[in-house]
Amino acid sequence: KTICVTGNKENIYQLQKTISASGLTPTMADIVSSSLIKTLDLGNDLGLLIRFQGISPSVEQQSYQIKEWSEKFNLSFTMYQNQEESDLWHNLPRKTYEGEIVCKVGIVSNQVVNLIDKTANYGLININSGIGYLSFFDNLKSHQLMNLRKFCEENNGFLTVLNAPFKNQIESWGYRGNSLKIMTTLKENFDPFDVWINRI
């Protein structure tokens, strides 16, 4: 089963903290941007998708616990299962990479909601690892993207540009260590036309 919980940023963050500190064992637990939630017809606010897989009693018990916490934090709660649930996870990645600008991001878990809420995007980020993807349409400028990268780096994270119209004008990896030249050379030799990176 997959539970979609939606609501304001503060309450979603409270639920995120509660799940992370609990003994629950979701196979997926991602903060989803409000734009992506709307596009998938899952609601109108910031979202949290939690997926449970395993033996039925465990799935039922954990799903019920999420329902209780959602009510406590005044969040909307919708359950998906069977084909509807499979379709949701099938469509989610395709929508996430739909924008003209696609980035892989990482950030400390307590800043996930702040990152995904910073600007209009299609995005999802795991609540524990802080790793995920953001995609934007061409209304995002390069300096805005660099501000997002700065925010990630200030919070022990990163922002890697996988695709963007202005990609040749910026440093894609956001890394200035002594192995940058080696990585750039490898990329130019093995994937000069971005064939591989566009599959990510």
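Residues numbered from 1 in each chain as written. Predicted model: local features only at pLDDT ≥ 70, side-chain atom pairs only at ≥ 80, totals over all residues. Heavy atoms only, no water.

It is worth spelling out helix α1 (residues 9–21) at this point. Taking 1.5 Å as the rise per residue, α1 with 13 residues should run 18 Å; its terminal C-alpha atoms sit 18 Å apart, in good agreement. Within α1, the full set of buried residues consists of N11, I12, L15, Q16 and I19. Buried residues of α1, seen end-on, are gathered within an arc of 145 degrees and therefore sit on one face of the element. Opposite its buried face, α1 presents the exposed residues E10 and A21, each directed more than 90 degrees away. Where the residues of α1 are buried, they touch β1 (2–7), β2 (28–32), β3 (46–51), α3 (56–72) and α5 (112–116). For α1, the capping residue at the N-terminal end is N8, with a side-chain oxygen 3.3 Å from the backbone nitrogen of E10. (Helix = DSSP H or I, 4+ residues; strand = E, 2+ residues; numbered from the N terminus. Expected span 1.5 Å × (residues − 1). Buried < 20%, exposed > 50% of the residue type's maximum accessible area, 1.4 Å probe, protein only. Arc of directions from axis to C-beta. Contact = heavy atoms within 4.5 Å. Polar contact = N/O pair within 3.5 Å; in protein donor to acceptor, adjacent residues only side chain to side chain.)

Right, let's get into the environment of S34. With respect to the element layout, S34 can be found in helix α2 (residues 34–39). Distance from S34 to I125, taken between C-alpha atoms, is 13 Å for residues 91 residues apart in sequence. Dropping the residues within four chain positions of it, S34 is found in contact with N44, D45 and L46.

A few words on the environment of Q83. With respect to the helices and strands, the residue Q83 is situated in helix α4 (residues 82–96). Given a relative accessible area of 53%, Q83 falls into the exposed group. Taking C-alpha positions, Q83 is 20 Å from S58, a pair spaced 25 residues apart along the chain.

Here the focus is the sheet that holds strand β7 (residues 131–136). Here we have eight strands laid out as an open sheet, ordered β4-β1-β3-β2-β6-β7-β5-β8, and antiparallel in their pairing. Taken across any chain shown, the strands that pair with only one partner, and hence form the sheet edges, are β4 (76–80) and β8 (158–163). Between one strand axis and the next, the sheet turns by 20 degrees as a mean value, whatever way the strands run. Relative to strand β6 (residues 122–126), β2 runs antiparallel, the two sharing three bridges. Bridge pairing in β6 links I31 to I125. (Pairing = 2+ DSSP bridges. Axes fitted to C-alpha atoms, helices over the stretch in contact; angles between N-to-C directions.)

Bringing the pairing of β7 into the picture now. Within a regular strand, the side chains alternate between the two sheet faces. In terms of burial, β7 is largely enclosed, as five of its six residues are buried. Relative to β7, strand β5 (residues 101–106) runs antiparallel, the two being bridged by six bridges. The partner of V102 across the bridge, within β7, is S135. As defined by bridge partners, β6 adjoins β7 across four bridges and the pair is classed as antiparallel. Within the sheet, the bridge partner assigned to I125 lies in β7 and is G132. Here β6 folds back onto β7, and the loop between the two strands holds four residues, one of which, G130, carries a positive phi near 75 degrees.

None of the figures reported here should be taken as evidence of function without further support.
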